[in-house]
Amino acid sequence: MSEKVKYFPGKEIRPEALDDGELLVTHYNADLKYSWASGVAVGRFLSELKNGRLIARKCNKCERILIPPRIFCENCFRNTDEWVYVKDTGTINTYSVAHVGTDAHRLSEPLFVAVVNIDGASELMGFLHLLGEIEEKEIKIGMKVQAVWKPENDRVGSILDIKYFKPIKN
Ligand SMILES: [Zn+2]
C-alpha cells in the first residue's frame, strides 16, 4: 500500500543558516580552464536555434531523421547524409515534475521537464526540455506541444533559446 509522502527527512539548507554560522562553510576559487567543441552536427543545431529553427540529420540508408543531429548513424555504422529542417512542434514522450532545483534547493513552484519527440524527425527522436503555460494536472504523455522561442535578439545559440514547450490547444 502506498502512502503519500508528507515530509522529507533531513534539513533544507537555507541562506540564513550559512549567514548565522549554523553550517560550516569554506571558500575557494576553482581555477578550471576548459573548452568544449560542440562538433559539426551539434554546432549546426545550436546555430540554427539562434535562427529559431530545428535542424536534424538524415541517414539515407535507414532513412531515419535524427534530432539532435548526429554526423554518424549508429544503426548503419556510416556517416549520415543530409541536413533536414524539422518542425518546432512535437509530442510529450515522458515527463517529470521537479520540486528540487539544480542547486538542490526546494523550488516554490515545480518545474515540468519532458522528453519531446519532434515532429518531422523519426519516431522517438527528440530531446529533454521544459514545459510551460501548463498546470501539472493537465500534462499527459502523448500531448502535442510547441516550442516557445526567446525573442530573436536574445538568442545565443543555446538549447535555452527555446524557453519551453507549451501545449497546442485545439
Ligand atoms: Zn542509418
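Residues numbered from 1 in each chain as written. Predicted model: local features only at pLDDT ≥ 70, side-chain atom pairs only at ≥ 80, totals over all residues. Heavy atoms only, no water.

**Q** Before we move on, can you summarise the coordination of the zinc ion with the specific residues and values?
**A** Each protein donor to the zinc ion is listed here as C59 (SG), C62 (SG), C73 (SG) and C76 (SG); together their distances run 2.3 Å. Around the zinc ion, the four donor atoms sit at angles spanning 105 to 114°, and that spread fits a shape best called tetrahedral. Here the donor residues for the zinc ion map to a single chain with the spacing C-x2-C-x10-C-x2-C. On the criterion of sequence distance, the pair formed by C59 in the loop between strand 1 (54-58) and strand 2 (65-66) and C76 in the loop between strand 3 (72-73) and strand 4 (78-79) is long-range, its members being 17 residues apart. Residue C59 shares its accessibility class with C76, and that shared class is buried. (Donors = N, O, S within 2.8 Å, 3.2 Å for Na, K, Ca; no water. Tetrahedral: all angles 85-135°; square planar, octahedral: opposite > 155°, others 65-115°. Helix = DSSP H or I, 4+ residues; strand = E, 2+ residues; numbered from the N terminus. Buried < 20%, exposed > 50% of the residue type's maximum accessible area, 1.4 Å probe, protein only.)

**Q** Tell me what's going on with a nonpolar patch on the surface, and back it up with residues and numbers.
**A** Nonpolar side chains collect at one region of the surface, where I13, L18, L23 and V25 lie side by side and expose about 340 Å² of accessible area between them. Inspection of the secondary structure puts L18 in helix 1 (residues 15-19). Judged by relative accessible area, L18 falls into the partly exposed class, the value being 40%. (Patch = residues over 30% accessible without salt bridge, like charges linked within 9 Å, V, L, I, M, F, W, Y side chains within 5 Å. Areas by Shrake-Rupley, 256 points an atom, 1.4 Å probe, with all protein chains shown as cover. Salt bridge = Lys/Arg side-chain N within 4 Å of Asp/Glu carboxyl O.)

**Q** Residues and numbers for the environment of K169, please.
**A** By the element assignment, K169 lies in the segment after strand 10 (162-167). It is 39 Å that separates the C-alpha atoms of K169 and A37, two residues lying 132 residues apart in sequence.

**Q** An account of the pattern of salt bridges is needed here, citing residue identities and associated values.
**A** Under the counting rule described, the total for this entry stands at nine salt bridges. The residue R44 makes a salt bridge to E48 at a minimum N-O spacing of 3.1 Å. Of the two residues, R44 and E48 both sit in helix 2 (residues 39-50), four residues apart, roughly one turn of that helix. On the accessibility criterion, R44 (27% relative accessible area) is partly exposed. Residue E48 is classed as buried on the basis of its relative accessible area, which comes to 5%. Put simply, R64 and E74 hold a salt bridge, and the shortest N to O gap is 3.5 Å. Highlighted residues: R64 in the loop between strand 1 and strand 2 and E74 in the loop between strand 3 and strand 4, separated in sequence by 10 residues. A relative accessible area of 43% places E74 in the partly exposed class. What you see here is one network of salt bridges that share partners, running through R14, E16 and E22.

**Q** Lay out unusual backbone geometry with the relevant residues and their values.
**A** With an omega dihedral of -5°, the bond running from I67 to P68 counts as a cis peptide bond. Within the chain, F77 stands out as a residue other than glycine whose phi angle is a positive 60°. Secondary-structure assignment places F77 in the loop between strand 3 and strand 4. Although it is not a glycine, L124 sits at a positive phi angle of roughly 65°.

**Q** Requested: an account of the sheet that holds strand 5 (residues 82-86), with residues and values cited.
**A** Adjacent strands of a sheet pair through backbone hydrogen bonds, lying either parallel or antiparallel. Strand order in this open sheet of three strands is 2-1-5, and the pairing throughout is antiparallel. Only two strands of the sheet have a single partner each, and these edge strands are strand 2 and strand 5. The pairing of strand 1 with strand 5 spans five bridges and is classified as antiparallel. Following the sheet pairing, K58 is matched in strand 5 by E82. (Pairing = 2+ DSSP bridges.)

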